[in-house]
Amino acid sequence: MSAQGTPTPPIWLLPEPPERRWGLGRAEIVRTAIAIADSGGSDALTMRAVAKELGSSTPMSLYRYVHNKDGLVDLMLDAANAEVTTPEKPGGDWRADLTRVSHDSWTMMKRHAWFAELVHQRPPAGPHASRRQEFVLSTFVGLGQDLSAAVSYHRLLDGYVVGQALQRTEEMKMWQRQGFRGLDDVQELAGAWFVDVGSDAQPRYPLLERVVKDFLSADPHAPATPAEDVQFTLGLDCLLDGISTRL
């Protein structure tokens, strides 16, 4: 937002940037900002940090190219969205199409953990985000759904993918805060907390206790927590199953 509190329009509605000067341009600024956010998370993303990495004297020198931080975030989000392969039009298998786009989006959001934190701070008006939204809407309209239903299904899918990515990002930040280097560190701490697990002859929550014991035992034959990609696919399949019954 501006200093007066007025929301900043999407950067594509603002004047085009000036010609490149001294090797500096919009593309270089966006690439540098993405690298900073990939490395340090969204909290590390400041105009000052970007200017310093580019060797620019002040953050003000960047504003002529991206207008303000909102404009920079607009461009970063759309650059990340460009990594999601989106067909020009729906194919013959709607479910396979949406599965591919959802998995591509999930993979992109794992690569750029900041995306899920920032995506709802700005309107999805970039060309690559717009292309993906148009594809998903076209898929559902092509299945005989009216536009209102298509928007609802799109929101369900997008909410699932972004929600899973945001949960992953928050868990990663928690691991960093706690200094966890691997799962064994988590098991060591949990073992100290739940040292009495298994001591009750009649536990109040027997199934949950079994889950904790399996986690703490590190027994390779014990039920393991599904890998994040497997868990993501399970949730996506359940969501698409539910949508398919309503088409």
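Everything discussed here concerns the structure shown above.
A few points on the structure. (Residues numbered from 1 in each chain as written. Predicted model: local features only at pLDDT ≥ 70, side-chain atom pairs only at ≥ 80, totals over all residues. Heavy atoms only, no water.)

## Looking at unusual backbone geometry
In the Ramachandran plot, H67 falls in the positive-phi region, its phi being about 75° despite a non-glycine side chain. Along the polypeptide, H67 turns up in the loop between helix 3 (60–66) and helix 4 (69–81). Owing to a relative accessible area of 28%, H67 belongs among the partly exposed residues under this scheme. (Helix = DSSP H or I, 4+ residues; strand = E, 2+ residues; numbered from the N terminus. Buried < 20%, exposed > 50% of the residue type's maximum accessible area, 1.4 Å probe, protein only.)

## A short note on the packing of helix 7 (residues 127–142) against helix 8 (residues 147–178)
Between helix 7 and helix 8, the least distance of the axes is 9 Å, while the angle of their chain directions is 125°. Viewed along their axes, helix 7 and helix 8 adopt a mutual orientation that is oblique. Where helix 7 crosses over helix 8, the two elements pack in a sense that is right-handed. For the pair formed by helix 7 and helix 8, the contact residues are R132, Q133, V136, L137, F140 and V141 on the first element and L147, A150, V151, Y153, H154, L157 and D158 on the second. Classifying every residue of the contact of helix 7 with helix 8 gives nine nonpolar, two polar and two charged. (Axes fitted to C-alpha atoms, helices over the stretch in contact; angles between N-to-C directions. Parallel < 35°, antiparallel > 145°, perpendicular 65-115°, else oblique. Left-handed = near helix turned anticlockwise from the far one by under 90°. Contact = heavy atoms within 4.5 Å. Nonpolar A, V, L, I, M, F, W, Y, C, P; charged D, E, K, R; others polar.)

## Observations regarding the side chain of H112
Summarising the element assignment, H112 is placed in the loop between helix 5 (94–111) and helix 6 (115–118). Within the local environment of H112, its side chain forms a polar contact with the side chain of D38, the two groups lying 2.8 Å apart. Within the structure, the side chain of H112 is placed 2.9 Å from the side chain of E83, a separation counted as a polar contact. Among residues more than four places away in sequence, those in contact with H112 are I34, D38, A80 and E83. (Polar contact = N/O pair within 3.5 Å; in protein donor to acceptor, adjacent residues only side chain to side chain.)

## Topic: helix 7
Relative to the 22 Å expected for 16 residues at 1.5 Å per residue, helix 7 spans 22 Å between its end C-alpha atoms, a close match to the ideal helical length. The secondary structure elements touched by the buried residues of helix 7 are helix 4, helix 5, helix 8 and helix 11 (228–244). G144 occupies a position one or two residues after helix 7 and carries a positive phi of about 95°. (Expected span 1.5 Å × (residues − 1).)

## As for a nonpolar patch on the surface
There is a patch of nonpolar side chains on the surface, built from V141, L147 and V151 and spanning about 240 Å² of accessible area. Classification of V141 by relative accessible area gives partly exposed; the value is 40%. (Patch = residues over 30% accessible without salt bridge, like charges linked within 9 Å, V, L, I, M, F, W, Y side chains within 5 Å. Areas by Shrake-Rupley, 256 points an atom, 1.4 Å probe, with all protein chains shown as cover. Salt bridge = Lys/Arg side-chain N within 4 Å of Asp/Glu carboxyl O.)

## Topic: the packing of helix 1 (residues 26–40) against helix 2 (residues 47–54)
When two helices pack together, their arrangement is captured by the angle between the axes and the distance separating the axes. Running from amino to carboxyl end, helix 1 crosses helix 2 at an angle of 110°, the nearest separation of the two axes being 9 Å. By the angle between their axes, helix 1 is roughly perpendicular relative to helix 2. For the crossing formed where helix 1 meets helix 2, the hand is right-handed. Contacts from E28, I29, T32, A33 and I36 of helix 1 reach helix 2 at A49, V50, E53 and L54. Considered class by class, the residues forming the contact of helix 1 with helix 2 number six nonpolar, one polar and two charged.

## Comments concerning the packing of aromatic side chains
Scanning all chains against the criterion turns up seven aromatic pairs. On the basis of an interplanar angle of 50° and a centroid distance of 6.4 Å, the ring pair of W94 and F140 is categorised as tilted. With W94 in helix 5 and F140 in helix 7, this residue pair connects regions lying 46 residues apart in the sequence. Each member of the pair, W94 as well as F140, carries the same accessibility label: buried. (Phe/Tyr/Trp six-rings, centres within 6.5 Å; stacked < 30°, edge-to-face > 60°.)

## Remarks on the environment of G126
Position of G126 among the secondary structure elements: in the loop between helix 6 and helix 7. G126 sits in the buried class, given a relative accessible area of 3%. Once the C-alpha coordinates of G126 and D74 are considered, the two residues, 52 residues apart in sequence, prove to be 7.1 Å apart. Apart from the residues within four sequence positions on either side, G126 is in contact with W12 and D78.

## As for the nonpolar core
Residues L72, M76 and W114 are the most contacted members of the largest nonpolar core, which totals 50 residues. For this core, the element with the highest residue contribution is helix 8, accounting for eight residues. Residues contacting M76, with those up to four places away along its chain left out, are V30, A33, I34, A37, L45 and W114. (Core = buried A, V, L, I, M, F, W, Y, C linked by side-chain atoms within 4.5 Å.)

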